[in-house]
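Survey of secondary and tertiary structure
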Amino acid sequence: MAAALTVSELARLVGGEVVREGSLRSITGVAALDTAGPGDVSFLGNDKYRPVFLTTQAGVVIVGRDETEGPETTALIAADNPSLAFAAAVGHFAAADVRFVAEIHPRATVSETARFNASAVRIHAGAVIMADVTIGDGTEIGPNAVIAEDAVIGENCRIMANVTIRERCVLGNRVIVQPGAVIGSDGYGYEFVNGRHQKIDQVGIVEIADDVEIGSNTTIDRARFGKTMVGEGTKIDNLVQIAHNVVIGKHCLIVSQTGISGSTQLGDYVVCGGQVGIAGHVKVGDKAVLGARTGVTASLAGGETYSGKPAQLLRDELKTQALLRRMPKLIDRVKALENARDQAAPGCD
Amino acid sequence: MAAALTVSELARLVGGEVVREGSLRSITGVAALDTAGPGDVSFLGNDKYRPVFLTTQAGVVIVGRDETEGPETTALIAADNPSLAFAAAVGHFAAADVRFVAEIHPRATVSETARFNASAVRIHAGAVIMADVTIGDGTEIGPNAVIAEDAVIGENCRIMANVTIRERCVLGNRVIVQPGAVIGSDGYGYEFVNGRHQKIDQVGIVEIADDVEIGSNTTIDRARFGKTMVGEGTKIDNLVQIAHNVVIGKHCLIVSQTGISGSTQLGDYVVCGGQVGIAGHVKVGDKAVLGARTGVTASLAGGETYSGKPAQLLRDELKTQALLRRMPKLIDRVKALENARDQAAPGCD
Amino acid sequence: MAAALTVSELARLVGGEVVREGSLRSITGVAALDTAGPGDVSFLGNDKYRPVFLTTQAGVVIVGRDETEGPETTALIAADNPSLAFAAAVGHFAAADVRFVAEIHPRATVSETARFNASAVRIHAGAVIMADVTIGDGTEIGPNAVIAEDAVIGENCRIMANVTIRERCVLGNRVIVQPGAVIGSDGYGYEFVNGRHQKIDQVGIVEIADDVEIGSNTTIDRARFGKTMVGEGTKIDNLVQIAHNVVIGKHCLIVSQTGISGSTQLGDYVVCGGQVGIAGHVKVGDKAVLGARTGVTASLAGGETYSGKPAQLLRDELKTQALLRRMPKLIDRVKALENARDQAAPGCD
C-alpha cells in the first residue's frame, strides 16, 4: 500500500503547481475522471473529457496551465503535460507490476551452451532457451517463451509469455516484447517455377535496437539475407506485420494492424496510424505521418501528413471527400443547364 | 457412434416438422448439401445454396417453413431456424469435442498459492499458473497457456492452448478463449519527451464478463489504469485488436481483424463486420451495425447501419458509389453543353 | 564456412553465364547491392534498384539477360531469373538453418497413444503431443507447439514454436507452419436466440494439403462441419484469417493480413495482395489477382485483376480514380457554362 499524500506532496511528486487547494485531506489512489472519488487524483489530458471534468468527484485533478474550471471542492495541480504528470502519480499509487527477481525456474529448459549470468536474469517456467543463446543482465524471459539458437537478447529486456524469437535474431537493451509476438519468422519469398511457388531460403535475421517495444501477436519476418531492422526507440503496437528486409528508423510509432511490405524503408519519427498498409520497395521520409488506414503505393516525402488509398496529402484527401459531397448538387446544376439549353433551342436534337 | 435416427425421430430431436417423407430408411450422419449422401441430414439456411439443394443427394434436408422443393427422394423437415435446428442434429451425430475430465497434468506448472478445486478443474501439460491465480470449477486451461499473477478465471471457462492472460485480469463464467489470444498486454501509451517516446505504465486490467468468446490470436490490452471491459455475451472473432480502456457492451459481435482504438466505447448489440477500424475516444451507440471495413472517426448514433471511411449511413455510402458510376456520363453531358454553347455563340470564347 | 568460388564456378552453381569478368579473385559471401563488398555476390532482380546497382561495390552481380551496365570492376553473371539464381548462391554461402536431427526431447510431453517413428522425428522441449496424434517421418515439432488429439501431421513438415494445431486437423507432407499460427480454432458461428448469441458447435476440421506454408500468427478456423481446406502448394503469409468452411485452391498466394470469410471458395493460382478482405459465401475464380486491400463483396471471375472496394476490374478502379482527379475542373466547366447561360439570358430566373 502506497503512502497517502497531501496535495502539496503530490504536486512536488508530479512536478506541478497547486493552483487550487480544494477540500480534500489526503490522496490515496488514482482513477479516471468519471470513476474517481474524493480520495483520488485524476487528470484532464484531452479536452473531449471537459464535460466529465466539470462534474468529477475526484479530490484532485492534474490539469494544463491556465486551467481554472472544475468543481470548487476539487483541488487543481497545473502541469505542462498533465498525462505525463499523472503517470508519475500512477507510479506512486497504483498496483505495481510484478518486480524483477533473478531466477532460473526449474521448469525452464535452458541449453548448456546458453550464455547469461544466472544471478542476474529471470527465466520463467516453460521458457525454452536453445543452444548458444546470449541473454543480458536484468532481462526477463516470460513463461513458455522460446528463444532459438544463437539469438542475442540485450540487458534489461522484458520478453513476455509465449513470445517466439527465432534463431540468430538480435535484440538491444531495454526491449519489451509483449505476449505472443514472433520475431524472425521466415520472410514471404517464393519464385514461380514450373507452375509451383518454390520457397526462397530466408537466411537473414531481425535486428531490434535499444528501447524498442513490440506489441502482442505482432510478427516481424527475418530478412531474405542481411537484416530486417527496427531502429532505436521505435514503438510497435499489436498485430502489426513487418515483412522481410524492412528497415524502420528511430523513434517511429507503428499503430495496431499496420502492415509494411518487403524491403520498404521508413525514416525516423515516422507515424503510422492503425491499419496502414505500405507496399514493398518504397521509402517513407522522416517525420511523415500516415493517417489511419492510409494505403501507400509509392515513396513519400517526409514531414507531411498523408491519408487515403492511394496515399495523398491529407488536405488533398479532404478535398476529394468534399468534392464527392458536392456531386449531387453538380448533377442538379448540369440538369438545369440542359433544361435551359433545351428551352433555348426548342425542336433541336 | 451415435444412434441412427428415422426422419420422425430426427424431426423431434431438432424441433421441426416432417413435410415430406422421402425415401430413406435411417439417418446416420450430417453433411453439407453438396457432399451429403442418402444417409445424411443437411440443411438449407441461405438461399444462395438453393441450386445445390435442388440436386442434393442428402437423405433429409432441414428447411424453412413453406419449403416444398428439392429432389423427390429427399425428405424435408421444416423448422423456424434451419441452421439452429441443424446444429441440434450435429450435436447428435458429429464427433464430439474432447470431454472435460478434471486433472492437474504433472507437466503443468502450478503455483502453490493458486486457488482452485483440484478435483473440478483441468490444467493441461505445459500450462503455467502463477502466484495467487484463482480458477473456478469446471474450467479447463489448455496446453502451454499462461495465467499470470492474481488473474481470476471464472467457472466453466475454456482457455485454450498457448493463450496468455496477464496479471490481475478477470474473466467471468463460461468464457471461451481460442488459442494464441492475449488478454492484458500493455496498452500502447507513450508521452513524447525530449525527442523520445517515454512509456506510460499501464497498471489497469482487462475484465471479461460472462459468456464472452474471444478468437484465436486476438489481443486485448489492459487499461492505462482502471479497466478495459468486454460485456456479457459479446463474441469476438480472430485477430481482433482491442486497445486500452475500451469498453464494449453486451452481446456485441466483433468480426475478424477489426481494430478498436483506446478509450472508445461500444454500446450493447453493436455489430462490427470484418476489418472495421474505430478511432480512439469515440462512442458507438446500441445496435449500430458497421459494415465490413467501415472506418469510424467520430461517434455514431445507435440503431443505424454504417459503411465506408469516414463512416456514413449505408444508404449514403451506396449513393456515393452510384454517383461515382455516373461521373463518365456527367462529363459527356457537360461536354455536350459546351458544344451547344460554342455553336450558339460562334467566335465567342 | 562455405568454400570460396570463382566467377565461373559461381556461374555454374547458379545456372547462369559470365558476361563480364570484373576484377575480383574469389567470392566468399552474399549481400544486398548497397551493402555488398568486393568479395560478395549480389543480384539485380527489380529495376527499382538500378541506381544502387550502378554504384554497387559488389564483386559480382547476377543480372537478367542483355544487361551490360554496372561498375566496370563488378563481374556480371546473366540468368533467366536473377532472384532464383541468387537463391542458389545464398544456399551455398549463407549460414544454414539448424539441421534436422531426430530427437524426442525429454521436456516434450508426448501421449503414449501418439503414433510416430521416434528415430525419424524431432519433437522439441515443451511441445505437447496429445492422444492419438500421428506424425510422419522427417517432421519437426517446435518448442512449446501443441498438437491436439487425433491430429495428423504428414512427413517432412516443420511445425515451429508456439504453434497450435487443434484436434483432428490434418496436414499433408512438407507443410511449414511459422511460429504462433493457429490451425483449427472454432469457426465464428452463432445463432441469435432470445437476445443472446448462442454458439453453434464447430465439429469439422481443417485439412491442409502438401507443400503449403502458413505464416506466423495466422489463424485458420475449423469447419462448422466438414472441412476448411487449403490446397496443394498454396502459400499463406502472416496474420491472415481464414474462416470456417473456406476452400482455397492450389498454388494460391495469400499475402499478410488478408481475411477470408466463411464458406468462401478460391480457385487455383489466386493471388490476394496484403490486407484483402473477402466476404462470405462467394467464389473467386482461378488465377484472379486481387490487389492489396481489395474488398470483395460478390463472386469474381477468374483470370482478371481486381482492385478497390467494392472490388472492380483494376482498369475500372484506375478510371474512377482518374475521374475523381478531374472533378475540380469539371466543377469549373459547369460554372463557366452557368456564367454563359446567365449572360445569354440576362434577367431570367
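Residues numbered from 1 in each chain as written. Chains lettered and ligands numbered in written order. Predicted model: local features only at pLDDT ≥ 70, side-chain atom pairs only at ≥ 80, totals over all residues. Heavy atoms only, no water.

1. Structural notes on the overall build of chain A
Looking only at helices and strands, chain A features 4 helices and 37 strands. Counting across all 349 residues of chain A, residues that qualify as buried make up 57%. Taking the contacts inside chain A whose residues are at least 6 apart along the sequence as the reference set, 19% of them involve residues at least 24 apart. Only carbon and sulfur atoms are counted for the fraction: they give 51% of the accessible area of chain A, which is about 13600 Å². Here chain A carries 33 positive and 40 negative side-chain charges, and the mean point of each set is 5 Å from the other. (Helix = DSSP H or I, 4+ residues; strand = E, 2+ residues; numbered from the N terminus. Buried < 20%, exposed > 50% of the residue type's maximum accessible area, 1.4 Å probe, protein only. Contact = heavy atoms within 4.5 Å. Areas by Shrake-Rupley, 256 points an atom, 1.4 Å probe, with all protein chains shown as cover. Lys, Arg positive; Asp, Glu negative; His and termini not counted. Charge placed at Lys NZ, Arg CZ, Asp CG, Glu CD.)

2. Examining helix α1 (residues 7-14) of chain C
Residues and elements named next belong to chain C. All of the buried residues in α1 are V7, L10, A11 and V14. Relative to the axis of α1, the buried residues are bounded by an arc of 100 degrees and lie together on one face. Against β1 (17-20), β3 (40-43), β4 (60-63), β5 (75-78) and α3 (82-93) lie the buried residues of α1. Among the residues trailing α1, G15 stands out with phi positive, at a value near 70 degrees. (Arc of directions from axis to C-beta.)

3. Section: the interface of chain C and chain B
Taken residue by residue, the interface counts 68 residues in chain C and 63 residues in chain B. Carbon and sulfur atoms make up 56% of the surface buried where chain C meets chain B, a total of about 5000 Å² over both sides. Among the residues chain C hides against chain B, the three largest losses belong to C:Y188, C:H197 and C:F225. Together they make up 14% of the total. B:E213 is paired through a salt bridge with C:K199; the nearest N and O atoms lie 2.9 Å apart. Applying the counting criterion to the chain C and chain B interface returns 39 residue pairs in polar contact (both at pLDDT 80 or more). If you tally residues by element for the side of chain C that touches chain B, the top one is helix α4 (residues 314-344) of chain C, at 11 residues. Class assignment of the residues belonging to the side of chain C that touches chain B gives a composition of 28 nonpolar, 25 polar and 15 charged. (Buried area = accessible area lost by both parts, 1.4 Å probe. Salt bridge = Lys/Arg side-chain N within 4 Å of Asp/Glu carboxyl O. Polar contact = N/O pair within 3.5 Å; in protein donor to acceptor, adjacent residues only side chain to side chain. Nonpolar A, V, L, I, M, F, W, Y, C, P; charged D, E, K, R; others polar.)

4. Brief notes about the domain arrangement of chain A
Partitioning chain A into structural domains gives domain 1 (7-93) and domain 2 (103-312). On a C-alpha basis, the centroid separation for the pair domain 1 of chain A and domain 2 of chain A is 38 Å. (Domains from an automatic or database assignment.)

5. Remarks on unusual backbone geometry
Geometrically, the link from B:K309 to B:P310 is a cis peptide bond, its omega value of -5 degrees lying close to zero. Mapped onto the secondary structure, B:P310 falls in the loop between β36 (305-307) and β37 (312-313). Unusually for a residue other than glycine, B:H281 sits at a positive phi of about 60 degrees. Topologically, B:H281 is positioned in the loop between β32 (277-278) and β33 (283-284). Here C:N144, not a glycine, exhibits a phi torsion of approximately 60 degrees, which is positive. Looking at where C:N144 falls in the secondary structure, it is placed in the loop between β11 (140-141) and β12 (146-147). Residue classification places C:N144 among the buried residues on the basis of a relative accessible area of 1%.

6. What to know about the interface of chain C and chain A
Listed per partner, the contact involves 63 residues of chain C and 68 residues of chain A. On the chain C side of the interface with chain A, the three residues burying the most area are C:R107, C:R293 and C:I331, jointly 11% of the side's total. Counting across the interface, chain C meets chain A through 4 salt bridges. Among the salt bridges present, the one from A:R196 reaches C:D211, with a minimum N-O distance of 3.1 Å. The tally of links between chain C and chain A comes to 39 residue pairs in polar contact (both at pLDDT 80 or more). Of all elements in the fold, only α3, β25 (235-236), β28 (253-254) and α4 of chain C reach the threshold of two or more residues within the side of chain C that touches chain A.

7. A word on the pairing of strand β21 (residues 205-208) of chain B
Residue and element names in this part refer to chain B. Both strand β16 (residues 170-171) and β21 contribute to a ladder of 2 bridges, which runs parallel. Bridged to V170 within β21 is E207. Relative to strand β24 (residues 227-230), β21 is paired through 4 bridges, and the arrangement is parallel. For I205, the partnering residue across the bridge sits in β24 and is K227. (Pairing = 2+ DSSP bridges.)

8. Quick look at the sheet that holds strand β16 (residues 170-171) of chain C
All names here are of chain C. Read across the open sheet, the 8 strands follow the order β10-β13-β16-β21-β24-β27-β30-β33; overall the sheet is parallel. The sheet is open, and its two borders are formed by β10 (134-135) and β33 (283-284), each paired with just one other strand. Alignment of strand β30 (residues 265-266) against β33, held across 2 bridges, turns out to be parallel. By the bridge assignment for β33, Q265 is matched with K283.

9. Observations concerning the environment of C:P38
Residues and elements named next belong to chain C. Structurally, the position occupied by P38 is in the loop between β2 (29-30) and β3. Overall, the relative accessible area of 61% leaves P38 in the exposed class. Along the backbone, P38 and V276 are 238 residues apart, and their C-alpha atoms lie at a distance of 42 Å. Setting aside residues up to four positions removed in sequence, P38 forms contacts with L24, Q57, A58 and G59.

10. Description of the relation of the copies chain C and chain A
For the match of chain C to chain A, the screw axis carries a shift of 0.1 Å, the RMSD comes to 0.2 Å, and the turn is 120 degrees. This pairing of chains is accounted for by a three-fold axis. (Least-squares fit on C-alpha atoms with pLDDT ≥ 70 in both.)

11. Structural notes on the packing of aromatic side chains
Across all of its chains, the model carries 15 aromatic pairs over all chains by this definition. An angle of 55 degrees between the planes, with centres 4.7 Å apart, marks the rings of A:F86 and B:F225 as tilted. Residue A:F86 is located in helix α3 (residues 82-93), and its partner B:F225 is located in the loop between β23 (219-221) and β24; the two belong to separate chains. Judged by relative accessible area, which is 10%, B:F225 ranks as buried. Grouped by ring-pair contacts, the aromatic residues A:F43, A:F86 and B:F225 constitute a single cluster. Directly above the ring of B:Y269 sits B:K287, whose terminal nitrogen or CZ lies 5.7 Å from the centroid. (Phe/Tyr/Trp six-rings, centres within 6.5 Å; stacked < 30°, edge-to-face > 60°. Lys NZ or Arg CZ within 6 Å of the ring centre and 35° of its normal.)

12. As for the environment of B:Y49
Structurally, B:Y49 can be placed in the loop between β3 (40-43) and α2 (50-53). By relative accessible area, B:Y49 is classed as partly exposed at 27%. The spacing of B:Y49 and B:D34 is 15 residues in sequence and 9.3 Å in space, taken between C-alpha atoms. Ignoring any residue separated from it by four or fewer positions in sequence, one finds B:Y49 in contact with B:L33, B:L44, C:S263 and C:H281. A distance of 2.4 Å separates a polar atom in the side chain of B:Y49 from a polar atom in the side chain of C:H281.

13. Re the sheet that holds strand β1 (residues 17-20) of chain B
Residue and element names in this part refer to chain B. What the 5 strands build is an open sheet, ordered β1-β5-β4-β3-β2; its pairing is mixed. Every other strand in the sheet has two partners, leaving β1 and β2 (29-30) as the edge strands with one partner each. Across the sheet, helix α1 (residues 7-14) is in contact with β1, β3, β4 (60-63) and β5 (75-78); its angle to β5 comes to roughly 20 degrees. Relative to the sheet, helix α3 (residues 82-93) contacts β2, β3 and β4, its axis offset from that of β3 by approximately 155 degrees. (Axes fitted to C-alpha atoms, helices over the stretch in contact; angles between N-to-C directions.)

14. Let's talk about the nonpolar core
Among the nonpolar cores identified, the biggest contains 52 residues, and B:I159, B:I165 and B:I278 are the most heavily contacted of them. Setting aside chain neighbours within four positions, we find B:I278 in contact with B:G259, B:I260, B:S261, B:T264, B:L266, B:C272, B:V284, B:L290 and B:V296. In this structure, C:A127, C:V133, C:I147 and C:I165 belong to the second largest nonpolar core, which totals 51 residues. (Core = buried A, V, L, I, M, F, W, Y, C linked by side-chain atoms within 4.5 Å.)

15. Points about the packing of helix α4 (residues 314-344) of chain A against helix α4 (residues 314-344) of chain B
Running from amino to carboxyl end, α4(A) crosses α4(B) at an angle of 35 degrees, the nearest separation of the two axes being 10 Å. For the pair α4(A) and α4(B), the crossing hand works out as left-handed. Facing A:L324, A:M327, A:P328, A:L330, A:I331, A:V334, A:K335, A:L337, A:E338 and A:R341 of α4(A), the residues of α4(B) in contact are B:T320, B:L323, B:L324, B:R326, B:M327, B:L330, B:R333, B:V334, B:A336, B:L337 and B:A340. Residue classes in the contact of α4(A) with α4(B) are distributed as 15 nonpolar, 1 polar and 5 charged. (Left-handed = near helix turned anticlockwise from the far one by under 90°.)

16. Focus: the pairing of strand β5 (residues 75-78) of chain A
All names here are of chain A. Neither face of β5 is left uncovered, since the one carrying A75 and I77 and the one carrying L76 and A78 both have all their residues buried. Pairing analysis gives 4 bridges linking strand β4 (residues 60-63) to β5, with the strands arranged parallel. Bridge pairing in β5 places V61 opposite L76.

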